[in-house]
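# Observations on the three-dimensional arrangement
If you want the building blocks of each chain, they are given just below.
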Amino acid sequence: MGDPKKPKKKYSRPKKIWDKERIGVDRELVKEYGLRNKKELWKAETFLREIRNQAKLLIAKRGEEQADKEREQLISRLVKLNLVNSGAVLEDVLGLELKSVFDRRLQSLVVKKGLAKSIKQSRQFIVHGHISIGEGKINVPSYLVKADEENKIKFSINSNLSKDDHPERIKESRKVKEEKKKISIEDKDAVELFEVAAAEEEK
């Protein structure tokens, strides 16, 4: 059972921590996904390794009634997290990559949805309580977002960022307006060219 005052680690360190090649890859991942430290990376690796190990065991026990139930539960869990598609098989689970897990983190999705301008700003917003999923505030950047929760990510109601006149939102709005203006000009030019071409065809 263990000491209740000392929770069990949710990750395991790599066997070769001082591997030069590994350090380089890890550094790039930490930078790309705005991780606080290597522990967050190791937690994701442990999560993925446990899923793969479970898939390997279930492949070996394929055909057994209990194994089939566990397979359905595993696939259903990963489908809810949008890590695999509906109808996936255990071999698809073995093909999962570490980046697939990082892409489902709340920190990554906040940037993807345009609520933050950078991965670091996304982390800051989440930790400071500016982001919620539906009505519930989430302040954990590593939270794995379920497929049905992705469209519910937004600024918290009590957050100043939820106001359209917030300085950060105004800057973003200006950029959006400039892009729309640019698109509308391009569309106008395209319409004029079309009208000219149509007129020449009538002649």
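As the structure is a prediction and not an experimental result, all values here were calculated from the model.

Let us now look at the pattern of salt bridges. Counted under the stated rule, the structure contains 10 salt bridges. One salt bridge in this structure joins Arg22 and Asp26, with 3.4 Å as the shortest N-O distance. One end of the pair is Arg22 and the other is Asp26, both in helix H1 (residues 20-32) and four residues apart, which spans about a single turn. Accessibility expressed as a relative area gives 22% for Arg22, which makes it partly exposed. Assessed through its relative accessible area of 5%, Asp26 is described here as buried. Two residues, Glu91 and Arg62, come together in a salt bridge whose shortest N-O distance is 3.1 Å. Here Arg62 lies in the loop between helix H2 (38-60) and helix H3 (65-80) and Glu91 lies in helix H4 (residues 90-94), a separation of 29 residues in the sequence. Overall, Glu91 belongs to the partly exposed group, its relative accessible area being 40%. The class of Arg62 is partly exposed, set by a relative accessible area of 48%. If you follow the salt bridges from partner to partner, you end up with Arg22, Asp26 and Glu45 in one network.

Bringing the packing of H2 against H3 into the picture now. Between H2 and H3, whose axes approach to 10 Å, the crossing angle comes to 150 degrees. The angle between H2 and H3 places the two elements in the roughly antiparallel class. The two elements H2 and H3 meet at a crossing, and its hand is left-handed. Packed against H2, whose contacting residues are Phe47, Ile51, Gln54, Ala55 and Leu58, the element H3 presents Ala67, Glu70, Arg71, Leu74, Arg77 and Leu78 at the interface. The residue makeup of the contact of H2 with H3, split by class, is seven nonpolar, one polar and three charged.

Time to look at H2. Between its first and last C-alpha, H2 extends 33 Å over 23 residues, near the 33 Å set by a 1.5 Å rise per residue. When we look at burial in H2, the residues that qualify are Glu40, Leu41, Trp42, Ala44, Glu45, Thr46, Phe47, Leu48, Ile51, Ala55 and Leu58. Where H2 is buried, its residues meet H1, H3, H4, helix H5 (98-102) and helix H7 (119-127). Taking the backbone nitrogen of Lys39 as reference, a side-chain oxygen 3.1 Å away marks Asn37 as the first, capping residue of H2.

Parameters and conventions
- Think of each chain on its own: its residues are numbered from 1, step by step along the sequence as written.
- With the structure being a predicted model, the display of local features is reserved for residues of pLDDT at least 70 and the display and counting of side-chain atom pairs for 80 or more, all residues being used for whole-chain, interface and lining totals.
- Side-chain measures here rest on the full set of heavy atoms in the structure, leaving out hydrogens and waters.
- In the sections that follow, a salt bridge refers to a side-chain nitrogen of Lys or Arg positioned within 4 Å of a carboxyl oxygen of Asp or Glu.
- Working definition: helices are DSSP H or I runs of at least four residues, strands are E runs of at least two. Numbering for both runs from the N terminus.
- Throughout this description, buried means an accessible area under 20% of the type-specific maximum (1.4 Å probe, protein chains only), exposed means over 50%, and partly exposed covers the range between.
- In this analysis an axis means a line fitted to C-alpha atoms, helices contributing only their contacting stretch, and an angle means the value between N-to-C directions, from 0 to 180 degrees.
- An angle below 35 degrees is read as roughly parallel, one above 145 as roughly antiparallel, one from 65 to 115 as roughly perpendicular, and any other as oblique.
- Note on convention: near helix rotated counterclockwise from far helix by under a right angle means a left-handed crossing. Clockwise means right-handed.
- Residues count as neighbours in contact if any of their non-hydrogen atoms are within 4.5 Å of one another.
- Classification convention: Asp, Glu, Lys, Arg as charged; Ala, Val, Leu, Ile, Met, Phe, Trp, Tyr, Cys, Pro as nonpolar; all other residues, Gly among them, as polar.
- Each helix should span, by expectation, one fewer than its residue count multiplied by 1.5 Å.
- The definition of a polar contact used here is a pair of N or O atoms within 3.5 Å, where within protein one atom must be able to donate a hydrogen and the other to accept one, and adjacent residues in sequence count solely through side-chain atom pairs.

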